[in-house]
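# Observations on the model geometry
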Amino acid sequence: PILRPTVNPGGAEGLRIEVWRSAEFRRAGFIVPEILGQADGWIAMSDLGEMVERKLQKDKDIDNTARNALICRCAVALAETHKAGLSHGRGKLNDFVLTPDNKIGFIDFEEDVDTSGIPLPDRQAREIWLFCCSAARFGKDAAEKGWEAYRAVYQDATVTKSLRRFLKLLA
């Protein structure tokens, strides 16, 4: 199931999913864009800040320690969503935002994970895998530190079992 793609149906249905899933994360206490307005075919959302991946790519003054610390903060935020029984859909570094007050927020909820047929532990395992892959762009130690930070907050045996099954497929 972890290899099953989730989809964004696009159009009005895709926008409805984005709004609904953003609201789900907001209700659970996570930072997401505010929906400022919507109608058929469009939504307007508040700007949370800078995408973490973009910041890491363009900030040439960030050293390894600061880079890994920011990646770990994102890993902790992802672990907290999993602990709350949620699934983002991807969980890559370009789905995290650093707010002006230095908090971690989430964007891009277009993946229709709730109707994908993929069990929650498999969705969460897939997200941590995608997270580590996106962190690895910034060095092997970045992915390892992110994984360690995630595991310090959330250790669910079913998610770990799903991730192990997935990794065996890759071997």
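Residues numbered from 1 in each chain as written. Predicted model: local features only at pLDDT ≥ 70, side-chain atom pairs only at ≥ 80, totals over all residues. Heavy atoms only, no water.

Relative to the assigned elements, Leu 86 resides in the loop between α3 (64–83) and β4 (96–98). According to the relative accessible area criterion, Leu 86 is buried, its value standing at 8%. Remark: the alpha-carbon pair of Leu 86 and Gln 124, spanning 38 residues in sequence, is separated by 8.2 Å. (Helix = DSSP H or I, 4+ residues; strand = E, 2+ residues; numbered from the N terminus. Buried < 20%, exposed > 50% of the residue type's maximum accessible area, 1.4 Å probe, protein only.)

The strand order across the open sheet built from three strands is β3-β4-β5, with neighbouring strands paired in antiparallel fashion. Edge positions in the sheet fall to β3 (50–51) and β5 (104–106), since each has one partner strand and no second. Here β4 runs beside β5; their pairing, made up of three bridges, is antiparallel. Within the sheet, the bridge partner assigned to Val 97 lies in β5 and is Gly 105. Contacts from α3 reach β4 and β5, with the element oriented near 55° to β5. (Pairing = 2+ DSSP bridges. Contact = heavy atoms within 4.5 Å. Axes fitted to C-alpha atoms, helices over the stretch in contact; angles between N-to-C directions.)

This part is about the nonpolar core. Ranked by size, the top nonpolar core spans 34 residues in total, and within it Val 52, Ile 71, Leu 93, Phe 96, Phe 106, Phe 131 and Tyr 150 carry the most contacts. Tallying contributions element by element places α3 first for this core, with eight residues. Residues in contact with Phe 131, not counting those within four places in the same chain, are Ile 71, Cys 74, Ala 75, Leu 78, Gly 91, Leu 93, Phe 96 and Gly 146. (Core = buried A, V, L, I, M, F, W, Y, C linked by side-chain atoms within 4.5 Å.)

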